[in-house]
Amino acid sequence: QIEVRYQPSFTENYAKYRSKELQIGSTLLGPHRDEIEIMINGLPASSYASQGQMRSAVAALRLAQWKNLQRHHHVAPLFCIDDFGVHLDAARFDALLTSVTNFSQVFLTSPLFTAENTFANIRINSGAVVSNMLDHGTFKGADNSSNVEC
């Protein structure tokens, strides 16, 4: 069982912090400063869960968030995960990948993708696009030459 505890940083005393924020050039309150604690079976995930369990819990929350946004706005939102599947065993990786297969807009980054489990693939090395997987599994170099079938 997963539980989420949320503590917003925003308080009624926002004006009290404004001069300090201007002085240091950074915000002290706002959603980026909120505290979120994930509990798994009543225990804090940060203390008792493995990396895979924590990532699975976060992925479950992201899937729930996506479904809630879709239900509320009646359109499929963009679904993004950086380092997709890292710290997950093969079964969890495949389950998570299967979960997002039918989403209309998905942007995932991962060092774990292969030609077999990738729908479109852009390879980036040192900030430069080195290959694009387009046209049903054909890799094209950045200059669109040297086509190699996968």
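Residues numbered from 1 in each chain as written. Predicted model: local features only at pLDDT ≥ 70, side-chain atom pairs only at ≥ 80, totals over all residues. Heavy atoms only, no water.

**Structural notes on the overall build of the protein**
Right, so step 1: Helices and strands together make up the secondary structure of the protein, namely 4 helices and 9 strands.
Right, so step 2: By the burial criterion, 27% of the 150 residues in the protein qualify as buried.
Right, so step 3: Taking the contacts inside the protein whose residues are at least 6 apart along the sequence as the reference set, 44% of them involve residues at least 24 apart.
Right, so step 4: Surface summary for the protein: the accessible area is close to 10700 Å², and the carbon and sulfur share equals 53%. (Helix = DSSP H or I, 4+ residues; strand = E, 2+ residues; numbered from the N terminus. Buried < 20%, exposed > 50% of the residue type's maximum accessible area, 1.4 Å probe, protein only. Contact = heavy atoms within 4.5 Å. Areas by Shrake-Rupley, 256 points an atom, 1.4 Å probe, with all protein chains shown as cover.)

**Focus: the sheet that holds strand β1 (residues 2-7)**
Right, so step 1: Spatial ordering of the open sheet is given by β1-β2-β3, a layout of 3 strands whose pairing is antiparallel. Sheet topology places β1 and β3 (43-44) at the edges, where each strand pairs with a single neighbour.
Right, so step 2: Judged from the 6 bridges that link them, β1 and strand β2 (residues 35-40) form a sheet pairing that is antiparallel. Bridged to Val4 within β2 is Ile38.
Right, so step 3: Of the strands in this sheet, β1 and β2 touch helix α3 (residues 51-73), which is tilted by about 110 degrees from β2. (Pairing = 2+ DSSP bridges. Axes fitted to C-alpha atoms, helices over the stretch in contact; angles between N-to-C directions.)

**Some remarks on the confidence of the model for the protein**
Right, so step 1: Summarising the model, the protein shows a mean pLDDT of 77, and 79% of its residues fall at 70 or more.
Right, so step 2: Mean pLDDT across the elements of the protein bottoms out in strand β9 (residues 148-149) (33) and peaks in β3 (91).
Right, so step 3: Contacts for the low-pLDDT stretch residues 135-150, under 50 throughout, to residues beyond four places or in other chains number 30 contacts. (pLDDT = per-residue confidence, 0-100.)

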